[in-house]
Amino acid sequence: MTSREEEKRLEKLGAFEISSELLQLAQHNQKGNLFLNAGRGNPNWINAKARLAFTRIIEFGVEESERTISQGDLAGYIQLEGIFERFETFLTPKTKKIDQFLLDAVNYVHDALNIDQAEFIKELADGAIGNNYPVPSRILKNSERVINAYLESVLYRGEKLAEQTDLFPTEGGTAAIVYLFNSLKENKLIKKGDKIAINTPIFTPYLQIPELNDYELVEVDLRSNEEHNWQIQASEVDKLKGEGIKAFFSVNPSNPGAMAFNDAALAEIEKVIAEKPELMIITDDVYGTFVEDFKTIYSVAPYNTLLVYSYSKLFGATGWRLGVIAANKKNVFDHLINQLALIDQKELAARYSINTLEPEKLKFIDRMVADSRSVGLYHTAGLSTPQQIMEVLFSLTHLVTQEKDAYIEDTKKIIDQRYQALFKGLMLEPNTSKENSKYYALIDLYQLAEKLYGPDFSNYLAAHFEQVDFLYNLSQKNGVVLMDGVGFGTKPGELRVSEANLPNKDYGIIAKQILELLDEYHQNFLQQE
Ligand SMILES: *Cc1c(COP(=O)(O)O)cnc(C)c1O
């Protein structure tokens with residue numbers, strides 16, 4: 001196969017699949033360079049504290065279990081009576097630093113959230129040990145309060161919404177997205193032919209989920225505002241007022257654009273819902289903590305918005321699969337279910353009648369729990385309890401900090417250093433907007449070509465090659481893997497660089513390889529003339 005044929009074949013694949021193929025090429029690159037994969041968003045850091053705390057909870061939980069039955073490897077169950085005192089005895093904060101964190105955490109939930117310490121410790125120990133089905137199936141009782149406090153602290157910028165928010169922890173943001181789309185469809189909130197707005201470019205699954213193929217997509221293109229420093233303009237948000245648009249799916253801060261909605265854009269969302277009180281909004285805020293002073297759409301439109309969050313990126317926990325869906329206790333989704341035609345309501349009541357005696361009152365978020373296990377397995381639904389406890393411990397690492405969270409600040413510093421190194425290496429102006437999460441950077445190849453070698457070369461580059469040609473050669477020759485922005489809905493020539501997954505020093509090398517390859521294309525161009 002010629003490389004051109006190979007490239008045509010690749011272009012049929014999704015952006016993440018192309019990236020996997022390029023990986024193979026890059027590992028055996030022609031120049032024998034160090035292989036560098038800046039394609040994926042998986043971070044190369046982890047949060048150590050919550051993980052160490054988890055092992056301590058397991059140790060404590062096993063000791064507790066052995067108090068009731070202890071025969072070799074067989075242990076019993078955990079008792080509530082006196083558990084707080086035994087936990088304090090178990091912890092040795094003087095010799096083990098992690099134990100001080102656990103003490104602080106238990107004090108925090110008591111003082112700030114008014115949670116009974118013994119009950120909380122039992123929830124942690126039982127949950128980490130995993131000795132029972134998740135009960136209640138949607139989320140463990142005190143875990144919900146802690147995760148709510150965390151979301152409020154990192155995403156709501158001062159709005160006090162924790163107490164009026166229901167949560168459903170899921171197997172990563174991935175499962176959250178799957179469950180959401182599925183239940184919106186099953187509950188007839190989105191039907192064939194409905195219009196859905198999306199802020200593009202966007203995380204590819206939002207473009208690829210087959211359920212969406214039936215819908216007429218209306219794209220609200222947030223990238224069209226390059227002259228406005230990539231800021232999402234109020235006039236773009238205003239498009240949501242358009243006739244027939246029922247829902248808005250947003251990734252905020254965006255992936256791959258990496259920008260968060262600013263205050264003007266958020267104010268415009270408020271105006272839109274004042275005019276369209278039945279608009280459904282889904283916001284995926286996975287990157288919220290990477291923006292200084294972030295404010296989610298849920299803060300300005302709690303009634304209309306379902307929020308998706310994931311612990312994957314901030315805590316380096318993609319293997320754990322930790323996500324959560326948040327919904328206001330009063331929300332448009334429940335309202336719209338109540339407004340459905342009688343025949344549809346009857347059908348849905350029948351669907352959920354095995355789960356509850358009053359299926360018509362089942363909240364949308366609980367319908368998602370039921371649907372996530374095909375309704376019939378509702379009684380064993382819910383995220384595994386060890387996963388729920390891990391979410392709680394990650395949340396607590398933040399909640400026990402006073403004022404600034406050093407861990408969050410450090411992750412921001414790391415991606416900033418990488419971002420700066422990349423832009424310096426490419427001799428491009430970095431985007432200094434405060435809404436820029438910098439988790440990803442989009443490099444406009446044609447603009448770079450024009451800046452370095454003039455418009456004729458840039459036009460030649462755009463006209464003479466398959467769209468993935470540059471990325472293909474960058475992998476095959478230079479050993480550097482980046483992602484094609486087109487799969488995310490960008491214009492051709494946008495390359496996505498992830499600042500998450502390589503050591504800082506590699507970002508200068510990536511820039512150098514891009515420039516070196518571009519120079520080779522330029523040499524060929526000159527020879528042609
Ligand atoms: C990474 C990512 C996710 C997936 O999160 P997981 O918790 O790892 O499944 C969801 N949404 C966006 C925008 C992401 O970038």
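Residues numbered from 1 in each chain as written. Predicted model: local features only at pLDDT ≥ 70, side-chain atom pairs only at ≥ 80, totals over all residues. Heavy atoms only, no water.

**Comments concerning the pattern of salt bridges**
Right, on to step 1. Tallied over the entire structure, the rule returns 41 salt bridges.
Right, on to step 2. With a closest N to O distance of 3.6 Å, R9 and E21 form a salt bridge. Here R9 is found in helix α1 (residues 3-10), whereas its partner E21 is found in helix α2 (residues 15-27), with 12 residues between them in sequence.
Right, on to step 3. A salt bridge links K241 to D238, with the nearest nitrogen and oxygen atoms 2.9 Å apart.
Right, on to step 4. Residue K241 is classed as partly exposed on the basis of its relative accessible area, which comes to 26%.
Right, on to step 5. Within the structure, one salt-bridge network assembled from shared partners comprises R138, E144, D166, K329, K363 and D366. (Salt bridge = Lys/Arg side-chain N within 4 Å of Asp/Glu carboxyl O. Helix = DSSP H or I, 4+ residues; strand = E, 2+ residues; numbered from the N terminus. Buried < 20%, exposed > 50% of the residue type's maximum accessible area, 1.4 Å probe, protein only.)

**Considerations on the site of the ligand**
Right, on to step 1. Around the ligand, the surrounding shell holds 13 residues, and the nearest of these are T174, D284, Y287, S310 and K313.
Right, on to step 2. A distance of 2.5 Å is found between an oxygen atom of the ligand and a side-chain nitrogen or oxygen belonging to T174.
Right, on to step 3. S312 has a polar side-chain atom sitting 2.8 Å from an oxygen atom of the ligand.
Right, on to step 4. About the coverage of the ligand: the protein hides 94% of its 380 Å² of free accessible area.
Right, on to step 5. Examining the composition of the shell around the ligand, we find that three residues originate from one element, helix α8 (residues 172-186), more than from any other. (Near = heavy atom within 4 Å. Polar contact = N/O pair within 3.5 Å; in protein donor to acceptor, adjacent residues only side chain to side chain. Areas by Shrake-Rupley, 256 points an atom, 1.4 Å probe, with all protein chains shown as cover.)

**Quick look at the sheet that holds strand β13 (residues 483-484)**
Right, on to step 1. Strand order in the open sheet formed by three strands is β11-β14-β13, with antiparallel pairing between adjacent strands. Looking along the sheet, the strands with just one partner apiece sit at the ends: β11 (440-444) and β13.
Right, on to step 2. Two strands pair when backbone bridges link them, and β11 and strand β14 (residues 494-498) are joined in this way by five bridges, in the antiparallel orientation. By the bridge assignment for β14, L442 is matched with R496. (Pairing = 2+ DSSP bridges.)

**A few points about empty space enclosed by the protein**
Right, on to step 1. Throughout the structure, instances matching the rule amount to two cavities of 30 Å³ or more.
Right, on to step 2. Approximately 110 Å³ is the volume found for the largest cavity.
Right, on to step 3. For the largest cavity, the lining is made up of 13 residues, of which L445, Y446, E466, Q467 and F470 are closest to its centre.
Right, on to step 4. At the level of secondary structure, the elements contributing two or more residues to the lining of the largest cavity comprise α18 (445-453) and α20 (469-476).
Right, on to step 5. At three residues, the largest contribution of residues to the lining of the largest cavity is made by α20.
Right, on to step 6. Here the residues of the lining of the largest cavity sort into eight nonpolar, two polar and three charged.
Right, on to step 7. In this structure, the second largest cavity occupies an estimated 50 Å³ of space.
Right, on to step 8. Around the second largest cavity, the lining residues are R157, A260, F261, D263, V291, E292, D293, F294, K295, K434 and E435.
Right, on to step 9. Of the residues assigned to the lining of the second largest cavity, the class counts are four nonpolar, no polar and seven charged. (1 Å grid on protein atoms, 1.4 Å probe; cavity = no way out; pocket = protein on both sides within 12 Å on 5 of 7 lines; lining within 4 Å. Points joined across faces, edges and corners; volume = space filled by probe spheres on them. Nonpolar A, V, L, I, M, F, W, Y, C, P; charged D, E, K, R; others polar.)

**As for the side chain of Q513**
Right, on to step 1. Considering the arrangement of structural elements, one finds Q513 in helix α21 (residues 506-528).
Right, on to step 2. Overall, Q513 belongs to the buried group, its relative accessible area being 5%.
Right, on to step 3. Ignoring sequence-local partners within four residues, the contact set of Q513 consists of N33, L474, N478 and V480. (Contact = heavy atoms within 4.5 Å.)

**Section: the packing of aromatic side chains**
Right, on to step 1. Using the criterion set out here, one finds 33 aromatic pairs in the structure.
Right, on to step 2. Ring centres of Y150 and F315 lie 6.3 Å apart, and the angle between their planes is 50°; this geometry places the pair in the tilted category. Here Y150, found in helix α7 (residues 141-155), pairs with F315, found in the loop between β9 (305-310) and β10 (322-328); they are 165 residues apart in sequence, far enough to count as distant. Residues Y150 and F315 agree in their burial class; the two are buried.
Right, on to step 3. The interplanar angle of 80° and the centroid separation of 5.5 Å between the aromatic rings of Y287 and Y440 together place this pair among those described as edge-to-face. A residue pair is termed long-range when its members are at least 10 positions apart, and Y287 in the loop between β8 (280-284) and α12 (297-300) and Y440 in strand β11 qualify at 153 residues.
Right, on to step 4. Take Y287: its relative accessible area is 3%, and that puts it in the buried class.
Right, on to step 5. Judged by its relative accessible area of 3%, Y440 falls in the buried class.
Right, on to step 6. Three or more aromatic residues joined by ring pairs make a cluster, and in this case those are Y453, F457, Y460, F465, F470, Y521 and F525.
Right, on to step 7. Across from the ring centre of Y419, 5.9 Å away, lies the NZ or CZ of K438, which sits over that ring. (Phe/Tyr/Trp six-rings, centres within 6.5 Å; stacked < 30°, edge-to-face > 60°. Lys NZ or Arg CZ within 6 Å of the ring centre and 35° of its normal.)

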